[in-house]
Amino acid sequence: AIHVLTTTVEAVVDGSIDMNGGDLNLTANSTTNAVTHAVPNGTPAAAADKGVGLSVALYIGTNTTTASVLDAAQIVNLDALTMSATGSHTDDTKAEAGGQGGDGGVSVGGAIAIAVVDNATRSEIGTGSDLTATGSISASATHHGLSTVLADGTALGDTAIGAALALGFVDNRA
């Protein structure tokens, strides 16, 4: 099973805005839940002699949530500025093997589960931005990330070899 997910959620000022004395609220919210499973379809059937069960699950996820005033943006006649970015991203990557050999036979089970995850949540005011406010300026970034990676290389039989490898390369940041 291969699952590639890319999301970009932005609340951005990129240019010039005259707020005429009003408030500006920039809000970006993103929630994802990615499930990537490579598993057998039920109980493995017994083979006459040799049984092999192999599974590979690969998840690649990039999720970016941003509330920002970009470089060189201009906001004039502004009272208050509130920027809020919230990202909540979960992923579950699982590979299960199911090799089963017959009587006196050999079984091999192998599973590889890999998750490569880059989640970023940010709230920022760029350099060179022309921004003057008569009220308050607030910026917040809240992030939740949870990654689960599991590999099960079970093999059943009189002579059984099972191997499993689970790798998670995860970067969650706010």
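Residues numbered from 1 in each chain as written. Predicted model: local features only at pLDDT ≥ 70, side-chain atom pairs only at ≥ 80, totals over all residues. Heavy atoms only, no water.

Caption draft 1: Main features of the nonpolar core. Counting 14 residues, the largest nonpolar core has Val13, Leu24, Leu26, Val69 and Ile75 as its most contacted members. If we ignore the near neighbours within four places in the chain, the residues touching Val13 are Leu24, Leu26, Ser68, Val69, Leu70, Ala73 and Ile75. Listed in part, the 7 residues of the second largest apolar core include Ala38, Ala57, Ala111 and Ala151. (Core = buried A, V, L, I, M, F, W, Y, C linked by side-chain atoms within 4.5 Å. Buried < 20%, exposed > 50% of the residue type's maximum accessible area, 1.4 Å probe, protein only. Contact = heavy atoms within 4.5 Å.)

Caption draft 2: Geometry of the environment of Ala163. Position of Ala163 relative to the elements: it lies in strand S12 (residues 159-173). Separated by 66 residues in sequence, Ala163 and Ala97 place their C-alpha atoms 8.9 Å apart. Those residues within four positions of Ala163 in sequence are excluded, and the remaining contacts are Gly109, Gly110, Ala111 and Gly153. (Helix = DSSP H or I, 4+ residues; strand = E, 2+ residues; numbered from the N terminus.)

Caption draft 3: How the structure looks around the pairing of strand S6 (residues 81-96). In this structure, strand S3 (residues 24-38) lies alongside S6, joined through 15 bridges in parallel fashion. Paired with Ser30 across the bridge in S6 is Gly87. Sheet analysis places S6 next to strand S10 (residues 137-152), joined by 16 bridges and oriented parallel. Opposite Glu96, over in S10, you have Asp152 as the bridge partner. (Pairing = 2+ DSSP bridges.)

Caption draft 4: Geometry of a nonpolar patch on the surface. A cluster of nonpolar residues, Ile2, Val4, Val56, Ile60, Ile112, Val116, Leu165, Leu167 and Phe169, forms a patch on the protein surface that exposes about 770 Å² of accessible area. Among the elements of the structure, strand S1 (2-13), strand S4 (50-69), strand S8 (106-125) and S12 are those that each provide at least two residues to the nonpolar patch. Ranked by residue count, the leading element in the nonpolar patch is S12, at 3 residues. Looking at where Leu165 falls in the secondary structure, it is placed in strand S12. Assessed through its relative accessible area of 40%, Leu165 is described here as partly exposed. (Patch = residues over 30% accessible without salt bridge, like charges linked within 9 Å, V, L, I, M, F, W, Y side chains within 5 Å. Areas by Shrake-Rupley, 256 points an atom, 1.4 Å probe, with all protein chains shown as cover. Salt bridge = Lys/Arg side-chain N within 4 Å of Asp/Glu carboxyl O.)

Caption draft 5: Looking closely at the sheet that holds strand S5 (residues 74-78). Reading across the sheet, the 3 strands line up as S2-S5-S9 and stay open at both edges, with parallel pairing between neighbours. Looking at which strands have only one partner, the edges of the open sheet turn out to be strand S2 (16-18) and strand S9 (130-133). Between one strand axis and the next, the sheet turns by 10° as a mean value, whatever way the strands run. Relative to S5, S2 runs parallel, the two being bridged by 3 bridges. What sits directly across from Ile17, in S5, is Ile75. (Axes fitted to C-alpha atoms, helices over the stretch in contact; angles between N-to-C directions.)

Caption draft 6: Local environment of the pairing of S8. Across 20 bridges, the pairing between S4 and S8 is parallel. Looking at the pairing, Ser68 lines up with Glu124 of S8. Alignment of S8 against S12, held across 15 bridges, turns out to be parallel. Bridge pairing links Val108 to Ile161 in S12.

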